[in-house]
Amino acid sequence: MDLLIYAAFFLTMALTYAVICLGLNLQWGQTGLFNVGIAGFVAVGAYVSALLTTPAIDGRLGGFGLPILIGWLGGGLAAGVLCFLLGALTLRLRADYLAIATFGAAVVIQLALLNLEGVTGGPFGIGFIPRPFSILQSHANLFTLANLGVMLATVLLSYLVLEHLVRSPWGRVLRALREDETAARALGKDPVTYRLQAFAIGGFFMGLGGAAQAHFIGFIAPDNYLPILTFQVWTMLIVGGSGNMRGAILGAVLVWAIWALSGSAVSALFPPEAQARAASLQIVMIGVALCAVLLLRPRGLLGEAGTLRARRPALFSKASLSKGTHSKGSKTNA
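Presented here is an overview of the structure given in this document. Note that the structure is predicted; figures quoted are calculated from it, not measured.

1. Concerning the side chain of T154
Thought 1: Within the fold, T154 resides in helix α6 (residues 140-167).
Thought 2: For T154, the residues in contact, after removing those within four places along its chain, are V19, W72 and L208.

If you want it as structure tokens, here you go:
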């Protein structure tokens, strides 16, 4: 029973990453927008939700005590609006400017979280964040399973919404812009408008995932949103399969499993005084898994659906090659 409860807690945390990864998949996998500031947008969602739902504390802004659902939606909207504003400034420029801008935004957000103590609590963070089904906390097993049910429903709803969007004409325009912007522009599609919409919607889901994490952990601090978080989410998407919503969910669960198991291995194999340095082995393990997937499955475990090239029959290929050779030979003789 204890193993089952641990598995439920593990899966709950993995599914919060799945929501974040779904947002990145819309931005990069469907639209080709290179976002390297994921940690910043996740942090915005987490802190905004915490400020909206925590009880009032003297000397700190926030403490509105609103319902958790309002906090989650508020965190997602705040991250989405930030993505919209950032994209409006950079999406008209070259693609690499977006990467620079998002990375800079993440750094600025992390520094703001450290220094705006009257809002964020500074390096001490924000505690007493309400958890879903807190009335069940005296029944640990039931409490864990109820939280897992909430995240399963959240991931399923997020998946259905995004899958509907990417299969719609709007989603087909995103893929057209990703593959050939000139052709899409010739058909009357405005690249900036569509990319801005995709970037903002993806940011909303990143903020939603960050808000969910904050409420399941119950405490947040600036150290939770370092660049390693961005690396983790990118690895999840690449391992699962960029451009595939199910791949984003699968990659989140698998990479989080590697991270959790390697952390347990470090705790078991190294003495307490060496565990701080040995924790870097978790990053090494994720890097090894990423390299293995790129070598064995370059498109990820679940590649993007509908993009595999059909193999031509060998006879047809040889005939075409022979015909092409004769044609070249006759032209040369001529």
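2. Focus on the packing of helix α1 (residues 2-30) against helix α7 (residues 169-179)
Thought 1: Two numbers describe how α1 lies on α7: the axes approach to 9 Å, and their chain directions differ by 50°. In terms of orientation, α1 and α7 fall into the oblique class. Here L26, W28, G29 and Q30 of α1 lie close against α7, whose contacting residues are W170, L174, R175 and R178.
Thought 2: Counted by class, the contact of α1 with α7 contains four nonpolar, two polar and two charged residues.

3. Some points on the nonpolar core
The nonpolar side chains of a soluble globular protein tend to be buried, and buried together.
Thought 1: In terms of nonpolar packing, the biggest core is built from 78 residues, with I38, W72, M151, I220, Y225, V233 and W256 touching the most fellow members.
Thought 2: Of the residues forming this core, the biggest block, 13 residues, is contributed by α1.
Thought 3: Look past the residues within four positions of W256 in its chain and what remains in contact with it is F10, M13, A14, Y17 and M236.

4. Considerations on the packing of helix α3 (residues 68-90) against helix α9 (residues 191-217)
Packed helices, taken two at a time, are described by the angle their axes make and the gap between the axes.
Thought 1: Contact pair α3 / α9: the axes reach a minimum separation of 7 Å and the direction vectors enclose 145°. Here α3 and α9 pass one another in a crossing that is right-handed. From α3, I68, W72, L73, G75, G76, L77, A79, G80, C83, F84, G87 and A88 reach across to α9, where they touch L196, F199, A200, G203, F204, G207, L208, A211, A212, H215 and F216.
Thought 2: When the residues that make up the contact of α3 with α9 are grouped by side-chain class, the tally is 16 nonpolar, seven polar and no charged.

5. Some words on the packing of aromatic side chains
Thought 1: Enumeration according to the criterion identifies eight aromatic pairs in this entry.
Thought 2: Taking 5.3 Å as the distance between ring centres and 90° as the angle between the ring planes, the aromatic pair formed by F204 and F205 counts as edge-to-face.
Thought 3: With a relative accessible area of 7%, F205 lands in the buried category.

6. Here's the deal with the state of the cysteines
Thought 1: Tallied over the entire structure, the rule returns zero disulfides.
Thought 2: Just so you know, C83 is unpaired, no disulfide at all, and the nearest cysteine sulfur is the one on C21, 15 Å from it.
Thought 3: The thiol of C291 is not disulfide-bonded; the next cysteine sulfur, from C21, is found 18 Å away.
Thought 4: With a relative accessible area of 45%, C291 lands in the partly exposed category.

7. A short note on the pattern of salt bridges
Thought 1: Summed over all chains, the structure comprises five salt bridges.
Thought 2: Put simply, R167 and E163 hold a salt bridge, and the shortest N to O gap is 2.7 Å. Taken as a pair, R167 and E163 lie in helix α6 at a separation of four residues, close to a single helical turn.

8. Details of unusual backbone geometry
Thought 1: Despite not being glycine, F128 shows a phi value in the positive range, around 55°.
Thought 2: Note on placement: F128 falls in the loop between α5 (117-120) and α6.
Thought 3: If you check the backbone angles, F133 has positive phi at about 55° while not being a glycine.
Thought 4: Here F133 shows up in the loop between α5 and α6.

9. Side note on the environment of I38
Thought 1: Along the chain, I38 falls in helix α2 (residues 38-53).
Thought 2: For I38, a relative accessible area of 0% puts it in the buried group.
Thought 3: Separated by 14 residues in sequence, I38 and L24 have C-alpha atoms that sit 8.1 Å apart.
Thought 4: Residues within four places of I38 in sequence aside, it is in contact with I20, L24, M206, T230, V233 and W234.

10. Here's the deal with the side chain of T120
Thought 1: Note that T120 resides in helix α5.
Thought 2: At 3.2 Å, the side chain of T120 and the backbone nitrogen of G122 are in polar contact.
Thought 3: Residue contacts for T120: discarding those within four places in its chain leaves Y47, A112, L113, G125 and I126.

11. What about α3?
Thought 1: In a regular helix each residue adds 1.5 Å, so 23 residues correspond to 33 Å; α3 covers 33 Å between its end C-alpha atoms and thus fits that length.
Thought 2: For α3, the complete set of buried residues consists of G71, W72, G74, G75, G76, A79, G80, C83, L86, G87 and T90.

Definitions and limits used
- Residues numbered from 1 in each chain as written.
- Predicted model: local features only at pLDDT ≥ 70, side-chain atom pairs only at ≥ 80, totals over all residues.
- Heavy atoms only, no water.
- Helix = DSSP H or I, 4+ residues; strand = E, 2+ residues; numbered from the N terminus.
- Contact = heavy atoms within 4.5 Å.
- Axes fitted to C-alpha atoms, helices over the stretch in contact; angles between N-to-C directions.
- Parallel < 35°, antiparallel > 145°, perpendicular 65-115°, else oblique.
- Nonpolar A, V, L, I, M, F, W, Y, C, P; charged D, E, K, R; others polar.
- Core = buried A, V, L, I, M, F, W, Y, C linked by side-chain atoms within 4.5 Å.
- Buried < 20%, exposed > 50% of the residue type's maximum accessible area, 1.4 Å probe, protein only.
- Left-handed = near helix turned anticlockwise from the far one by under 90°.
- Phe/Tyr/Trp six-rings, centres within 6.5 Å; stacked < 30°, edge-to-face > 60°.
- Disulfide = S-S within 2.5 Å.
- Salt bridge = Lys/Arg side-chain N within 4 Å of Asp/Glu carboxyl O.
- Polar contact = N/O pair within 3.5 Å; in protein donor to acceptor, adjacent residues only side chain to side chain.
- Expected span 1.5 Å × (residues − 1).

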